[in-house]
Amino acid sequence: MSEPEIVELDAIDCRLEPITWRFAEDNAEAIAAHWRKVVAEKPATFNGKVLLLHRWQISGRRFHGAYLLTDYASFLAWRDFGAPGEPKWNCFSMAALEAADGAFLLGEMAAHTSTAGAIYFPAGTPDQTDLDGDVVNLAGSVTRELEEETGVRPDEVDIATGWIAIFHGPRIAMMKSVRSPLRSAELKQRIEGFLARDERPELNRMHVVTSPADIRPDRMPPFQCAYLAHRLAT
């Protein structure tokens, strides 16, 4: 797989299109078998509806895309099988959380999640709660995931108007910069206090990144490393 590509965007315009996903239809038995293994390992995993990007283009500095609706079991199998079939993309938004002192704060995924131990910015696979009619509201997903995973409310941060998109194979990470007025030590303490009060938090703890030496390629996916290296360099 090639190196992640970074593209700065002014806006995102994505819609839901009710189309059939051939991968899900043609691989129903394999998907069901894979799902049984997932549930056996993580019994609380829920097979809800999620969104998967099936076409996109960039015009100027504006990203246009269309999503299809599928179930989480099919999405997870597609991801774990190596994204086979006609090109599709796991296109999601992330809250690139930055403290007042310039440090970035990322969360370590909890053991009950499908990406346990990985270190990310707050994020989630787009789902039906991110729909405004047929509009896929990735900006809304940013603030929703940020608050759900860290307890940080949208009115407590400065949210950038634009985006930084990271393209890497079947993944497209739409990064939205959100900056807190708190310094990194205080922000980390506050979020970890929130996590300690949550009976089933998505995150175990927070990691502070202040320099390239803090980037963890062993725990962070390439798109996450690429974003941090880009921001720390600028």
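Throughout this description, residue numbers start from 1 for each chain and increase along the sequence as written. At least 70 in pLDDT is required for a residue's local features to be given in this predicted model, at least 80 for side-chain atom pairs to be given and counted, and no such filter applies to totals for whole chains, interfaces and linings, which use all residues. Calculated side-chain values reflect all of the structure's heavy atoms, with hydrogen atoms and water omitted.

Chemist: Requested: an account of the overall build of the protein, with residues and values cited.
Modeler: Secondary structure is summarised from DSSP: a helix means a run of H or I of at least four residues, a strand means a run of E of at least two, and numbering begins at the N terminus for each. Of the regular secondary structure elements, the protein holds six helices and 13 strands. Computed over C-alpha atoms, the radius of gyration of the protein comes to 17 Å, within 12% of the 17 Å expected from 2.2 N^0.38 for 234 residues, which places it in the range of a compact globule. Its C-alpha atoms give the protein principal-axis dimensions of about 50 × 45 × 35 Å. Burial classification: accessible surface area is computed with a 1.4 Å probe over protein chains only, and a residue below 20% of its type maximum counts as buried, one above 50% as exposed, and the rest as partly exposed. Expressed as a percentage of its 234 residues, the buried residues of the protein come to 47%. What the globule rule says is 2.2 Å times the number of residues to the power 0.38, and the radius of gyration is computed from C-alpha atoms.

Chemist: Describe the nonpolar core, and please don't skip the residues or the numbers.
Modeler: Phe63, Met94, Phe121, Met174 and Met175 are the most contacted members of the largest nonpolar core, which has 55 residues in total. When residues in this core are grouped by element, the largest group, six residues, is from strand E5 (residues 90-98). By definition, residues are in contact when any of their heavy atoms lie within 4.5 Å. Aside from chain neighbours lying at most four places away, what touches Met174 is Leu9, Ile12, Phe63, Cys91, Phe92, Ser93, Met94, Leu138, Trp163, Ile164 and Ala165. Judged by nonpolar contacts, the second largest core, of 15 residues, contains Phe23, Val50, Leu76 and Trp78. Throughout, nonpolar core names a set of buried Ala, Val, Leu, Ile, Met, Phe, Trp, Tyr and Cys residues whose side chains join them through atoms within 4.5 Å.

Chemist: For helix H4 (residues 138-150), give the residues involved together with the corresponding values.
Modeler: The span one expects for a helix is its residue count, reduced by one, times 1.5 Å. In this model, H4 (13 residues) spans 18 Å end to end at C-alpha, consistent with the 18 Å of a helix rising 1.5 Å per residue. Among all positions in H4, only Leu138, Ser141, Val142, Thr143, Arg144, Glu145, Leu146, Glu149 and Thr150 are buried. Side-chain atoms alone can form a polar contact between residues adjacent in sequence; in general such a contact is a pair of N or O atoms within 3.5 Å, and within protein one must be able to donate a hydrogen while the other accepts it. The N-capping residue of H4, defined by a side-chain oxygen 3.4 Å from the backbone nitrogen of Ala139, is Asn137. Positive phi appears at Gly151, one or two residues downstream of H4, with a value of about 80 degrees.

Chemist: Can you lay out the layout of surface pockets for me, pointing to particular residues and giving the numbers?
Modeler: Estimates place the volume of the largest pocket at around 1,000 Å³. Cavities and pockets were defined on a 1 Å grid built over protein atoms only: a cavity is a set of grid points that admits a 1.4 Å probe from which the probe cannot escape, a pocket is an open set flanked by protein on both sides within 12 Å along at least five of seven lines, and lining residues are those with an atom within 4 Å of any such point. Around the largest pocket sit 38 residues that line it, and Tyr72, Thr113, Ser114, Thr125 and Glu202 are the ones nearest its centre. Going through the elements one at a time, helix H2 (28-41), strand E3 (49-59), helix H3 (72-80), E5 and H4 are the ones with two or more residues in the lining of the largest pocket. Broken down by element, the lining of the largest pocket gets its largest block of residues, five residues, from H3. For this classification, Asp, Glu, Lys and Arg are treated as charged, while Ala, Val, Leu, Ile, Met, Phe, Trp, Tyr, Cys and Pro are nonpolar and the rest, including Gly, are polar. When the residues that make up the lining of the largest pocket are grouped by side-chain class, the tally is 14 nonpolar, 10 polar and 14 charged. Grid points are joined across faces, edges and corners, and a volume is the space filled by probe spheres set on the points.

Chemist: Help me get a handle on unusual backbone geometry, residues and values and all.
Modeler: Trans is the common state for peptide bonds, and a negative phi is the common state for residues other than glycine. Although it is not a glycine, Ala83 adopts a positive phi angle of roughly 55 degrees. Relative to the elements of secondary structure, Ala83 occurs in the loop between H3 and E5. The partly exposed category is assigned to Ala83, whose relative accessible area is 22%.

Chemist: Outline the pattern of salt bridges, listing residues and values.
Modeler: Each salt bridge in this description consists of a side-chain nitrogen of Lys or Arg and a carboxyl oxygen of Asp or Glu lying within 4 Å of one another. This structure, assessed with the given rule, holds 22 salt bridges. The residue Asp80 makes a salt bridge to Arg79 at a minimum N-O spacing of 2.9 Å. Classification of Arg79 as partly exposed rests on a relative accessible area of 28%. Because the salt bridges share partners, they merge into one network encompassing Asp127, Asp130, Arg144, Glu145 and Glu148.

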